[in-house]
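Structural characterization, general
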Amino acid sequence: MESSPSSNNKVAVVTGSSTGIGYETSLILARNGFLTYATMRNLNKGENIKSVATKENLPIRIKQLDVTDDVSVKNAIQTISSDAGRIDILVNNAGYGLNGAFEDLAMDEIKAQYETNVFGLIRTTQAVLPIMRRQQSGTIVNISSGAGRFGFPGGSAYVSTKFAVEGLSESMSYELEPFGIKVVIVEPGVIRTNF
């Protein structure tokens, strides 16, 4: 599980890796030879991925990272960069859904939704970009949703965060392309996860 980094290792960082898409993405990257930092807010939820990594001898390292906390993001990315020497892929996956009629949603609930789904993605991306710019390469994968393209009843808060991710990603791609950094949007449909 704790393979040592080398200059040949491609390094991936995945947010929200304790379950669902982040969990599966971390395993796929590690199974394909990436030194993968599976990050999550609560390290107690890392037992499943740790068990699979040990069983399959995968290059996965579990790292605490709360996308809603500036210090947590800064410390995690600095530690990963120091340990691995590079970051080739960032998968911005951390997020959750808030459902309910728009008029019934409390402002604090909507702000919390944006803090994770939009500002968390921004915070993590801004922490990684200087590393990728120095390397003159990298890929940022933003997990959006089919809901980033169309709205539906009861989904106004969640859907609007995904529309924001779409616009941000498209605009960033133009800014970052000259530095050799690609931005990819993934728009999953309905997937059976704990989400």
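Residues numbered from 1 in each chain as written. Predicted model: local features only at pLDDT ≥ 70, side-chain atom pairs only at ≥ 80, totals over all residues. Heavy atoms only, no water.

Below, the discussion takes up the overall build of the chain. Across its full length, the chain holds 5 helices and 6 strands. What you see in the chain, going N to C, is helices and strands ordered as β-α-β-α-β-α-β-α-β-α-β. Rg of the C-alpha trace for the chain: 16 Å, near the compact-globule value of 16 Å for 195 residues, within the 12% margin. In terms of overall dimensions, the chain has a C-alpha envelope of 50 × 40 × 30 Å along the principal axes. Counting only residues that meet the buried cut, the chain has 46% of its 195 residues in that class. Counting every atom, the chain has about 10200 Å² of accessible surface; 51% of that belongs to carbon and sulfur. (Helix = DSSP H or I, 4+ residues; strand = E, 2+ residues; numbered from the N terminus. Rg over C-alpha atoms; globule rule 2.2 N^0.38 Å. Buried < 20%, exposed > 50% of the residue type's maximum accessible area, 1.4 Å probe, protein only. Areas by Shrake-Rupley, 256 points an atom, 1.4 Å probe, with all protein chains shown as cover.)

Let us look at empty space enclosed by the protein. The full count for this structure, using the stated rule, is 1 cavity of 30 Å³ or more. Thr15, Val67, Asn92, Asn93, Ala94, Thr116, Asn117, Gly120 and Leu121 together form the lining of the largest cavity. With 4 residues, the top contributor of residues to the lining of the largest cavity is helix α4 (residues 107-135). Among the residues making up the lining of the largest cavity, the classes are represented as 3 nonpolar, 6 polar and no charged. (1 Å grid on protein atoms, 1.4 Å probe; cavity = no way out; pocket = protein on both sides within 12 Å on 5 of 7 lines; lining within 4 Å. Points joined across faces, edges and corners; volume = space filled by probe spheres on them. Nonpolar A, V, L, I, M, F, W, Y, C, P; charged D, E, K, R; others polar.)

In this section: the packing of aromatic side chains. Taken as a whole, this structure holds 0 aromatic pairs when the rule is applied. Here the basic side chain of Arg133 rests over the ring of Phe179, its NZ or CZ set 4.8 Å away from the ring centre. (Phe/Tyr/Trp six-rings, centres within 6.5 Å; stacked < 30°, edge-to-face > 60°. Lys NZ or Arg CZ within 6 Å of the ring centre and 35° of its normal.)

Take the nonpolar core next. Taken as a class, soluble globular proteins show a tendency for nonpolar side chains to be buried jointly. Counting residues in each nonpolar core, the largest one holds 23 residues, and the members touching the most others are Val13, Tyr37, Ile77, Ile87, Met132 and Leu176. Only β1 (11-14), β2 (35-40), α3 (70-84), α4, α5 (156-176) and β6 (181-186) provide two or more residues apiece to this core. In terms of residue count, α3 provides more of this core than any other element does, 5 residues in total. For Leu176, the residues in contact, after removing those within four places along its chain, are Leu129, Ile140, Ile181 and Val183. Counting 11 residues, the second largest nonpolar core, distinct from the first, contains Ala38, Val52, Ala53 and Ile60. (Core = buried A, V, L, I, M, F, W, Y, C linked by side-chain atoms within 4.5 Å. Contact = heavy atoms within 4.5 Å.)

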